[in-house]
Amino acid sequence: MNTVTVRNITIGEGRPKICVPIVGKTREEILNEAATFITLPVDIAEWRVDWYEDVFSIQEVLDTARQLKEALGQIPVLFTFRTSKEGGEKEISPEQYAQLNKAVSESGFVDLIDVEAFTGDEIVSSIIAHAHAHGIKVIVSNHDFEKTPEKDEIVRRLRKMQSLDADIPKIALMPTCKKDVLTLLEATLEMSEQYADRPIITMSMAGTGVVSRLTGETFGSALTFGAASKASAPGQIGVHELKQVLDIIHKSLMI
């Protein structure tokens with residue numbers, strides 16, 4: 001299993017890394033949120049740029065990204081425009097989506113970008129290649145806020161992301177029952193043990209799926225999302241409580 005290192009954080013070894021979203025609508029809100037991260041147990045900060053009111057001005061995005069990087073110090077930045085079709089705040093054309101992600105990859109102000117797998121293979125591949133050419137790691141993701149597919153379909157999607165040259169495949173699914181959580185965990189285990197040659201991220205959302213955010217080290221998910229002030233997805237728990245549980249599980253697994 002290969003690992004992915006961004007600055008001083010290595011994803012894919014030890015306990016799952018904690019990623020916390022920044023969901024401010026203005027530059028001031030974004031930078032104020034970032035200032036609080038210095039005192040939190042955050043491994044990676046995710047800038048959910050689809051919340052940003054000036055997101056369709058690339059220059060404004062780059063200016064804010066520069067200031068955000070400065071505010072966060074050594075904390076790596078994951079740049080994410082979550083589209084409305086996958087639970088995000090805004091719609092965007094595939095062309096604009098590619099242009100935005102390529103521009104921020106060139107800037108050097110972020111460490112990773114998130115690219116939605118169902119944007120289209122050609123566009124996804126071009127964004128990934130551009131990011132890699134500029135030393136930026138790529139999470140390729142899929143989110144379903146309605147349901148959880150069968151295990152084989154979950155594994156198929158994760159393998160497809162891997163084949164697209166994602167540094168880290170990611171899938172987040174909504175459970176409609178408790179069995180759906182088990183399906184997600186079983187798929188995670190199968191992918192991590194049989195097919196993955198790099199870290200993967202999986203989660204079952206909402207309250208029913210919280211256990212999946214805590215047991216990544218057991219089943220094979222390398223990163224989990226916690227909330228500082230405002231959650232960006234259903235089921236995120238407070239970052240302090242999240243770290244406490246992850247540390248307990250990690251120590252137990254080391255015995």
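Going by the structure above, here's the rest.
Only a predicted model underlies this, so the values are computations on that prediction, with no experimental measurement involved. (Residues numbered from 1 in each chain as written. Predicted model: local features only at pLDDT ≥ 70, side-chain atom pairs only at ≥ 80, totals over all residues. Heavy atoms only, no water.)

Participant: Quick question: what am I supposed to make of helix 9 (residues 239-254) here?
Facilitator: Each turn of an α-helix holds 3.6 residues, which means side chains three or four residues apart point in the same direction. Here helix 9 contains 16 residues, and its C-alpha end-to-end distance of 22 Å stays within 8% of the 22 Å for a straight helix at 1.5 Å per residue. Those residues of helix 9 not exposed but buried are Val 239, Leu 242 and Leu 246. Projected onto a plane normal to the axis of helix 9, the buried residues spread over an arc of 55° and lie on a single side. What points out from helix 9, more than 90 degrees from its buried face, is the exposed set Gln 244 and Lys 251. Contacts from the buried residues of helix 9 go to strand 3 (17-22), helix 7 (210-214), strand 10 (223-227) and strand 11 (237-238). (Helix = DSSP H or I, 4+ residues; strand = E, 2+ residues; numbered from the N terminus. Expected span 1.5 Å × (residues − 1). Buried < 20%, exposed > 50% of the residue type's maximum accessible area, 1.4 Å probe, protein only. Arc of directions from axis to C-beta. Contact = heavy atoms within 4.5 Å.)

Participant: Explain the nonpolar core here, please?
Facilitator: Where a protein is soluble and globular, its nonpolar side chains tend to be buried together. Of all hydrophobic cores here, the largest spans 58 residues; its most connected members are Phe 37, Trp 47, Val 49, Leu 68, Phe 79 and Ile 113. Phe 37 has contacts with Val 20, Pro 21, Ile 22, Val 42, Ala 45, Leu 72, Ile 75 and Ala 228, leaving out every residue within four places of it along the chain. Grouped together as the second largest cluster of nonpolar side chains are 19 residues, Ile 9, Leu 112, Ala 172 and Leu 223 included. (Core = buried A, V, L, I, M, F, W, Y, C linked by side-chain atoms within 4.5 Å.)

Participant: What is the right way to read the side chain of Lys 170 from this model?
Facilitator: Relative to the helices and strands, Lys 170 resides in strand 8 (residues 168-173). The buried charged residue Lys 170 lacks any salt bridge, with Asp 114 as its nearest oppositely charged partner at 4.4 Å. Of note is the side chain of Lys 170, whose polar atom sits 3.1 Å from the side chain of His 143. Those residues in contact with Lys 170, other than ones at most four positions away along the chain, are Arg 82, Asp 114, Ile 139, Val 140, Ser 141, Asn 142, His 143, Leu 158, Met 161, Ile 201, Met 203 and Phe 225. (Lys, Arg positive; Asp, Glu negative; His and termini not counted. Salt bridge = Lys/Arg side-chain N within 4 Å of Asp/Glu carboxyl O. Polar contact = N/O pair within 3.5 Å; in protein donor to acceptor, adjacent residues only side chain to side chain.)

Participant: For this particular structure, what's the right way to read a negative patch on the surface?
Facilitator: A cluster of acidic side chains, namely Glu 28, Glu 29, Glu 53 and Asp 54, defines a negative patch on the protein surface. You can see Glu 53 is positioned in the loop between strand 4 (44-48) and helix 2 (58-72). (Patch = residues over 30% accessible without salt bridge, like charges linked within 9 Å, V, L, I, M, F, W, Y side chains within 5 Å. Areas by Shrake-Rupley, 256 points an atom, 1.4 Å probe, with all protein chains shown as cover. Charge placed at Lys NZ, Arg CZ, Asp CG, Glu CD.)

Participant: Help me understand the side chain of Ser 105, please; the structure alone is not making it clear to me.
Facilitator: Considering the arrangement of structural elements, one finds Ser 105 in helix 3 (residues 94-107). Not counting chain neighbours up to four residues away, the residues in contact with Ser 105 comprise Ile 113, Ala 131, His 134 and Ile 136.

Participant: Even after reading the chapter, I still don't get the packing of aromatic side chains, so can you show me in this structure?
Facilitator: The geometry of an aromatic ring pair is captured by the separation of the ring centres together with the interplanar angle, meaning the angle of the planes. Scanning the entire structure with this criterion turns up four aromatic pairs. The structure contains a cluster of three or more aromatic residues connected by ring pairs, namely Trp 47, Tyr 52 and Phe 79. (Phe/Tyr/Trp six-rings, centres within 6.5 Å; stacked < 30°, edge-to-face > 60°.)

Participant: Explain the sheet that holds strand 10 here, please?
Facilitator: Sheets are built from strands paired through backbone hydrogen bonds, the pairs being either parallel or antiparallel. Read from one edge to the other, the open sheet built from nine strands follows the order 9-8-7-6-5-4-3-10-11, with strand pairing classed as parallel. Looking at which strands have only one partner, the edges of the open sheet turn out to be strand 9 (201-204) and strand 11. Where strand 7 (residues 137-144) and strand 8 come together, six bridges link them in parallel fashion. Residue pairing in the sheet places Asp 144 in a bridge with Leu 173 of strand 8. Docked against the sheet, helix 2 engages strand 3, strand 4 and strand 5 (77-80), running at close to 160° with respect to strand 4. (Pairing = 2+ DSSP bridges. Axes fitted to C-alpha atoms, helices over the stretch in contact; angles between N-to-C directions.)

Participant: Quick question: what am I supposed to make of the pattern of salt bridges here?
Facilitator: Side chains that differ in sign of charge can pair as their charged atoms come close. With the rule as written, the count across this model stands at 17 salt bridges. Arg 15 is the partner of Asp 247 in a salt bridge, and the nearest nitrogen-oxygen pair spans 3.2 Å. Of this pair, Asp 247 sits in helix 9 while Arg 15 sits in the loop between strand 2 (9-11) and strand 3, placing them 232 residues apart in sequence. We classify Arg 15 as buried; its relative accessible area is 14%. Measuring nitrogen to oxygen at the nearest pair gives 2.9 Å for the salt bridge that ties Arg 156 to Glu 153. Note that Arg 156 and Glu 153 are positioned in helix 5 (residues 151-163) at a spacing of three residues, about one turn of the helix. Judged by relative accessible area, which is 43%, Arg 156 ranks as partly exposed. Since its relative accessible area comes to 24%, Glu 153 is described here as partly exposed.

Participant: What exactly am I supposed to notice about the pairing of strand 6 (residues 112-116) here?
Facilitator: In summary, the side chains of a regular strand alternate between the two faces of the sheet. Of all five residues in strand 6, five are buried; the element is thus mostly enclosed. Of the crossover connections in this fold, the one passing from strand 5 over helix 3 to the parallel strand 6 is right-handed. The pairing of strand 6 with strand 7 spans five bridges and is classified as parallel. For Ile 113, the partnering residue across the bridge sits in strand 7 and is Val 138. Handedness of the crossover is the feature at issue here: the chain leaves strand 6, passes through helix 4 (residues 121-133), returns alongside strand 7, and the resulting connection is right-handed. (Right-handed = clockwise from strand over helix to strand, strands pointing away.)

Scope: geometric values only; no functional claims are made or implied.
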